[in-house]
Amino acid sequence: MGGTAIRIGIAYDLKTDYQGIAPSTGPDDLLEEYDSPETVEAIADALGECGHIPVRLGGGRAFLERMLAEPVDLVFNTAEGWGTRSREAQVPALCELLHIPYTHSGSLTLAISLDKAMTKRIASANGIRTPEFVCVEDLEELDAVALPTFPLMVKLAGEGSSMGIGSRSRCANIRELQEAAAELLRQYSGAVIIERFLPGVEVTVLVMGNGAARVVGMMEIAPRLGSIREFVYSLEVKRNYRSRVEYHAPPRLSGPAIAAIAETALETYCAMACRDIARVDIRIDADGTASLIEVNPLPGLHPEDGDVPIMCRHLGIPYARLIGEIVAHAEARL
Ligand SMILES: Nc1ncnc2c1ncn2[C@@H]1O[C@H](COP(=O)(O)OP(=O)(O)OP(=O)(O)O)[C@@H](O)[C@H]1O
Ligand SMILES: [Mg+2]
């Protein structure tokens, strides 16, 4: 795909890297954020197709040791990090320390976007609509906070990949909320966020670029069974997406609705200072307006099952072109 061949180190964390560290008694999605070998192979193949030299760096200490031993020209970052609230910022921060350029957003953006409440505060301050919310760290606090109106969505405030998200995450009343929140607080670490449930169409938006960032595509995520009003794109639904979900790219929405979603996605991307690529999750509210759920500056890149690769297939964008474009945006910083 043109340009000079450079050595691109892939930073990644595999589920198998953490199997010994994660408590074996926990829920089965504790390692959901981590990648599988197919993703690393697909990225390496794509980098090769683009004329670059892929180098597998891994994550954590192995990443650091390999970087110190033989630095690369650019790091392709997919590493989720481990163990801290801003874990996704670990590899970017190390790259910054070592003065090695890297793809995707900077450490600041990755630290904030992993925190759904922080993200929503920034979005709100920039005039972006996002449901009212509260965060609690233990169950007693539920009695003390002023909850938004039911139905409510309850989820982990500091995780992604639908960890902890199931059909019970949508709560119709206080009893359901107490049960779902108690379950999350018992099984995972960190706070839970409780926000108003958006009952309308769900769309995920692929934004790419810097300076003149653009919406590359949008994909509606619709349930095959049941009403959108109760639909949650949960872990169980994602794991069975072929039978549970209908994807529509472009979404089955009017021109003005699509334009409003694009605007929300681009404003979020800019407000969060995203770089190169991000996937912005948006849902339509009861009054028909677009509202932000969250932003994913390290979107999953599994070649078959990742939302971005699924969307790219619908849009006719080959996987290697997607990876090549991420690299091209990062290379502009070299
Ligand atoms: N406030 C809300 N109203 C309606 N649905 C919601 C809301 N928050 C989350 N959801 C549903 O739950 C799904 C997962 O939520 P969210 O995107 O916040 O979690 P995540 O774990 O970060 O997901 P991802 O897999 O995109 O990283 C959404 O795609 C949506 O279907
Ligand atoms: Mg999401």
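These numbers come from a predicted model, not from an experiment. (Residues numbered from 1 in each chain as written. Chains lettered and ligands numbered in written order. Predicted model: local features only at pLDDT ≥ 70, side-chain atom pairs only at ≥ 80, totals over all residues. Heavy atoms only, no water.)

Draft legend 1. Inspection of the domain arrangement of the chain at higher detail. When the domains of the chain are assigned, the result is domain 1 (7–113), domain 2 (132–196) and domain 3 (202–331). With eight residues of domain 2 in contact, the opposing surface of domain 3 contributes nine residues. With both chains or domains summed, domain 2 and domain 3 bury close to 720 Å², and 47% of this area falls on carbon and sulfur atoms. Our enumeration of links across domain 2 and domain 3 arrives at one salt bridge. Among the ionic pairs, Asp285 bridges to Arg196, the shortest N-O distance being 2.8 Å. Here domain 2 is connected to domain 3 by three residue pairs in polar contact (both at pLDDT 80 or more). Residue composition of the side of domain 2 that touches domain 3, grouped by class: two nonpolar, three polar and three charged. (Domains from an automatic or database assignment. Contact = heavy atoms within 4.5 Å. Buried area = accessible area lost by both parts, 1.4 Å probe. Salt bridge = Lys/Arg side-chain N within 4 Å of Asp/Glu carboxyl O. Polar contact = N/O pair within 3.5 Å; in protein donor to acceptor, adjacent residues only side chain to side chain. Nonpolar A, V, L, I, M, F, W, Y, C, P; charged D, E, K, R; others polar.)

Draft legend 2. The site of ligand 1, seen in detail. The full set close to ligand 1 counts 23 residues, and Lys155, Ser162, Glu195, Glu202 and Lys238 are the nearest of them. Between Arg283 and ligand 1, the recorded distance is 3.1 Å, taken from a side-chain N or O atom to a nitrogen atom. Computed on the free molecule, ligand 1 has an accessible area of 610 Å², of which 97% lies beneath the protein chains in the complex. For the shell around ligand 1, the elements supplying multiple residues, two or more each, are β5 (152–156), β7 (192–196), β11 (277–284) and β12 (290–296). (Near = heavy atom within 4 Å. Areas by Shrake-Rupley, 256 points an atom, 1.4 Å probe, with all protein chains shown as cover. Helix = DSSP H or I, 4+ residues; strand = E, 2+ residues; numbered from the N terminus.)

Draft legend 3. Representation of the packing of helix α3 (residues 60–69) against helix α4 (residues 90–98). Contact pair α3 / α4: the axes reach a minimum separation of 11 Å and the direction vectors enclose 20°. Judged on the interaxial angle alone, α4 and α3 are roughly parallel. The way α3 lies across α4 gives a crossing that is right-handed. Contact residues: α3 offers Phe63, Leu64, Met67 and Leu68, while α4 offers Val91, Leu94, Cys95 and Leu98. In the contact of α3 with α4, the residues fall into eight nonpolar, no polar and no charged. (Axes fitted to C-alpha atoms, helices over the stretch in contact; angles between N-to-C directions. Parallel < 35°, antiparallel > 145°, perpendicular 65-115°, else oblique. Left-handed = near helix turned anticlockwise from the far one by under 90°.)

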